[in-house]
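Take a look at the letters that make up each chain.
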Amino acid sequence: MSDRIHSLGGYIHEYQKSVQDPETFWASIADSFHWQKKWDKLVEWNFDEPKVEWFKNAKLNITENVLDRHLYTRGDQAAIIWEPNDPNEEHITLTYKELHAKVCQFANAMKAKGIKKGDRVIIYIPMVPEAAIAMLACARIGAVHSVVFAGFSASALADRINDCEAKMVLTSDGNFRGAKQIPVKAVVDEAVENTPSIETVITLKRTGQEVTMKEGRDIWWHDAIDGVSTENKAEAMDAEDMLFILYTSGSTGKPKGVVHTCGGYMVYTYYSFKNVFQYNQGDVYWCTADVGWITGHSYIVYGPLLAGATSIMFEGVPTFPDAGRFWQVCDKHQVNQFYTAPTAIRALQAFGTEPIEPYKLDSLKVLGSVGEPINEEAWHWYHDHVGKGRCPIVDTWWQTETGGILISPLAGVTPTKPAYATLPLPGIQPVILDNEGNELKGNSVEGNLCIKFPWPSMLRTTYGDHERCRQTYFSSFAGHYFTGDGVKRDEDGYYRILGRVDDVINVSGHRMGTAEVENAINEHPMVVESAVVGYPHDIKGQGIYAYVICDMEGRSEESLQNEIKQTVTKIIGPIAKPDKLQIVPGLPKTRSGKIMRRILRKIASGDASNLGDISTLLNPEVVEAIKEGAQ
Ligand code: WTA
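Residues numbered from 1 in each chain as written. Predicted model: local features only at pLDDT ≥ 70, side-chain atom pairs only at ≥ 80, totals over all residues. Heavy atoms only, no water.

I'd love a proper account of the overall build of the chain, names of residues and values included.
When helices and strands are counted, the chain shows 19 helices and 30 strands. Here the C-alpha radius of gyration of the chain, 24 Å, is about what a compact globule of 631 residues would show, namely 25 Å. Dimensions of the chain along its principal axes, counting C-alpha atoms only, are 75 × 65 × 55 Å. Counting every position in the chain, which comprises 631 residues, the buried fraction comes to 62%. For the chain, the share of sequence-separated contacts (at least 6 apart) that also reach a separation of at least 24 residues comes to 71%. For the chain, the accessible area works out to roughly 23,400 Å², and carbon and sulfur atoms hold 48% of it. Treating the 63 positive side-chain charges of the chain as one cloud and the 80 negative ones as another, the clouds have centres 3 Å apart. (Helix = DSSP H or I, 4+ residues; strand = E, 2+ residues; numbered from the N terminus. Rg over C-alpha atoms; globule rule 2.2 N^0.38 Å. Buried < 20%, exposed > 50% of the residue type's maximum accessible area, 1.4 Å probe, protein only. Contact = heavy atoms within 4.5 Å. Areas by Shrake-Rupley, 256 points an atom, 1.4 Å probe, with all protein chains shown as cover. Lys, Arg positive; Asp, Glu negative; His and termini not counted. Charge placed at Lys NZ, Arg CZ, Asp CG, Glu CD.)

Let's hear about the packing of aromatic side chains: which residues, and what values?
Across all of its chains, the model carries 41 aromatic pairs by this definition. Note on W26 and W54: the rings are 6.2 Å apart at their centroids and 85° apart in plane angle, and the pair reads as edge-to-face. Of this pair, W26 sits in helix α2 (residues 22–30) while W54 sits in strand β2 (residues 51–56), and the two are 28 residues apart along the sequence. When the centroid spacing of 5.0 Å and the interplanar angle of 85° are considered together, the rings of F244 and Y265 count as edge-to-face. Taken as a pair, F244 in strand β14 (residues 242–248) and Y265 in helix α10 (residues 262–277) lie far apart in primary sequence, 21 residues in all. Exposure class is identical for F244 and Y265. Each is buried. Through pairs of rings, three or more aromatic residues link up here, namely F25, W26, W35, W39, W54, F55, Y268 and Y271. Lying over the aromatic face of F152, R160 brings its terminal NZ or CZ to 4.3 Å of the ring centre. (Phe/Tyr/Trp six-rings, centres within 6.5 Å; stacked < 30°, edge-to-face > 60°. Lys NZ or Arg CZ within 6 Å of the ring centre and 35° of its normal.)

Can you explain the site of the ligand? Please cite residues and give values.
The environment of the ligand is formed by 17 residues, the closest being D395, T396, T400, D485 and R511. At a separation of 3.4 Å, a nitrogen atom of the ligand approaches a polar backbone atom of P373. R500 is positioned with one of its side-chain polar atoms (N or O) 2.8 Å from an oxygen atom of the ligand. When isolated, the ligand has an accessible area of 530 Å², and the protein chains bury 96% of it. Those elements that place two or more of their residues in the shell around the ligand are α11 (294–306), β20 (393–396) and β25 (495–500). Here the residues of the shell around the ligand are counted per class, giving 6 nonpolar, 6 polar and 5 charged. (Near = heavy atom within 4 Å. Polar contact = N/O pair within 3.5 Å; in protein donor to acceptor, adjacent residues only side chain to side chain. Nonpolar A, V, L, I, M, F, W, Y, C, P; charged D, E, K, R; others polar.)

Tell me about the side chain of N108, residues and numbers included.
For N108, the location among the structural elements is in helix α5 (residues 96–112). The class of N108 is buried, set by a relative accessible area of 18%.

Run through the sheet that holds strand β5 (residues 92–95), naming residues and quoting values.
Strand pairing in a sheet relies on backbone hydrogen bonds. The paired strands run either parallel or antiparallel. Judged by pairing direction, the sheet is mixed, and its 7 strands sit side by side in the order β5-β4-β17-β16-β18-β19-β20 without closing on themselves. Across the chains shown, the open sheet's two edge strands, defined by having one partner strand only, are β5 and β20. Ignoring strand direction, the axes of neighbouring strands in this sheet form an average angle of 20°. One ladder, built from 3 bridges, connects strand β16 (residues 284–287) with strand β17 (residues 310–314); its direction is parallel. Paired with Y285 across the two strands is S311, which belongs to β17. Seen against the sheet, helix α12 (residues 325–333) touches β4 (78–83), β16, β17 and β18 (337–340) and runs at an angle of roughly 145° to β4. (Pairing = 2+ DSSP bridges. Axes fitted to C-alpha atoms, helices over the stretch in contact; angles between N-to-C directions.)

Can you lay out the sheet that holds β25 for me, pointing to particular residues and giving the numbers?
Read across the open sheet, the 4 strands follow the order β21-β22-β24-β25; overall the sheet is antiparallel. The sheet is open, and its two edges are formed by β21 (430–433) and β25, each paired on a single side. Strand-to-strand twist across the sheet, computed as the mean angle between neighbouring axes with direction ignored, equals 45°.

So what about helix α8 (residues 185–192)? Which residues, and what values?
With 6 of 8 residues buried, α8 lies mostly within the body of the structure. Of all the residues in α8, the buried ones are K185, V187, V188, D189, A191 and V192. On the buried face of α8, the contacting elements are β6 (120–124), α7 (154–164), β8 (168–172), β10 (180–183), β11 (200–204) and β12 (218–220).

Tell me what's going on with the pattern of salt bridges, and back it up with residues and numbers.
Scanning the entire structure with this criterion turns up 39 salt bridges. For the salt bridge of R217 with D218, the shortest nitrogen-to-oxygen distance reads 2.6 Å. Each member of the pair, R217 as well as D218, is classed as buried. In this structure, R511 engages E401 in a salt bridge whose closest nitrogen and oxygen atoms are separated by 2.9 Å. Within this pair, whereas R511 is found in strand β27 (residues 510–513), its partner E401 is found in the loop between β20 and β21, the two being separated by 110 residues in sequence. Among the charged side chains, a network of salt bridges with common partners joins K185, D189, R217 and D218. (Salt bridge = Lys/Arg side-chain N within 4 Å of Asp/Glu carboxyl O.)

Tell me what's going on with the state of the cysteines, and back it up with residues and numbers.
One pass over the full model with this rule turns up 0 disulfides. Not part of a disulfide, C138 finds its nearest cysteine sulfur in C164, a span of 11 Å. (Disulfide = S-S within 2.5 Å.)

Now, about the environment of R177: what can you tell me, with residues and values included?
One can find R177 in strand β9 (residues 174–177). Remark: the alpha-carbon pair of R177 and G586, spanning 409 residues in sequence, is separated by 40 Å. In this structure, R177 is in contact with N85, I182, E315, G316 and V317, ignoring residues within four places of it in sequence.

Help me get a handle on the domain arrangement of the chain, residues and values and all.
We note that the domain assignment places domain 1 (8–69 + 96–273 + 396–451) and domain 2 (508–630) within the chain. One C-alpha centre belongs to domain 1, the other to domain 2, and the line joining them spans 34 Å. Across the domain 1-domain 2 interface, the total number found is 2 salt bridges. Taken together, the links from domain 1 to domain 2 amount to 10 residue pairs in polar contact (both at pLDDT 80 or more). (Domains from an automatic or database assignment.)

Can you tell me about helix α16 (residues 514–522), naming the residues and giving the values?
A large share of α16 lies buried, amounting to 7 of its 9 residues. Buried within α16 we find T514, A515, E516, V517, E518, A520 and I521.

I'd like to hear about the pairing of β2, residue by residue, with values.
Two elements, strand β1 (residues 41–46) and β2, share 5 bridges in a ladder whose sense is antiparallel. Note on β2: the bridge partner recorded for W45 is V52. The hairpin formed by β1 and β2 contains 4 residues between the paired strands.

This is how it looks when you write it as structure tokens:
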């Protein structure tokens, strides 16, 4: 198809076309899809409300493009190759034909349980093929899926279920992860005690561990599909109907449900996948993300399958049974494009090159990075030892809200530069604004990263609270989408992401709101107040540092610290557990009562020199005490 760019000149040409005449540009890409009815208007938008509509009044079903249209051309080709946690267990290959049948069958099973277009369905399933089948089955019947990362706690899961008033939860009995076997259904049981909207829970048997099944509510996956037809007529969806909700953290305490719609998300994930990874028919592509995050949605499931790719789904972890597992899988399945997170690269780098040596890695053509800034050292290690100096690294910058990759090299087509996401994809118009909202033009500038023109896969709203969407993304800089990231454009015009400029931290590529972690800490009965900041962490990128004021009542610091950490694990999940927790006599505050996080961040980063003028604080004396007790 003509929608793949092959040269730097081609990129420049396409980019210019996309800015000068976005409608013609996107129409030519969208034309290659199967639409039940074409659009009346390509795009209509204003960033004030905000209101963004792509492919207005078009009708489609994304699964007809993910599945049906491949049946004649590549029905027997592998769509998903699933590699289990245990290398001694057989992998599973699902061809496009098989995946189509399974999706249709499960879609029928959900329908039989009363799910219809527009209903919300929670998917709390670990990395097994049924997670992808469940997503696509929802899309098939027009139900809105919301995948919740299977590491979130019962209370975090319940909050998400209640926010979107889901009718059904799809889950598994348990999960194999490294040497561990983790209960999953038990977490759902606890969550659904407090979720009045849930009518049905469907549970996949994966580990075989014991679970309790509640009469009238719970049903096994294999029973739900027993004897059910594998044919299903796809629901006609409006291009702007909701495809899914994905909850993500922001600077307030409550995660928000980012809403993506059918038409635009389809066109952009396909286009970005093909161009960034330069996927060729027959290649084997592997993204190691979890389906619980946006990367798993866009670049394990939708983007690759829309492009007719073979996409690997991996149940395990990079260090089990040893630190060579990724490389063993690359050789085993002859992976051509490999896409992972800097935190995984840094964790593996710590083992040295020995675990890589037994493997050839000669099938690799492209390496990708996502989720957080990749430091130069990790970039070079990845490039030299994994890619053997042969494979371009695509450092892909994007967000849950952007739906797809916005700034990234196109592998082998546009230049790379260590630690730089480099250039915007065609159709993407980034601008750098100073804090007053003035555009910083030209090169060698640094400021707030904003986007000034819509792209097809951008978020449309935050579920149930449009005002929150406006406030969070469209009010800081009038007429612009604000990403929350700081950025530099260097002397050559390449973009380097500098990290968040808001109260969001990025721990091992997972977004955490500091307020969200504080809320969880404050649930502990002895906590009076807390403040959470990020600090530089060698492997995780950022670690979580919590300063906590406690009512000690004769308790030991250590036991309280542990209890508070456990409280966070219970309320959010292990990913939010503070790495460091310091009990402090007070928090530095301005006279108006605002916590001076700048000071806390400096102390957490181990640099307590030069804290600036602290004499204007309400309580300058606590700064000394915090410095003394710092970890
Ligand atoms: C950060 C993940 C630097 C950034 C797809 C963004 C990155 C947040 C990169 C979104 C990158 C993502 N370089 N930083 N290549 N990719 N980020 O929503 O701060 O989980 O705002 O989406 O991750 O995280 P999210």
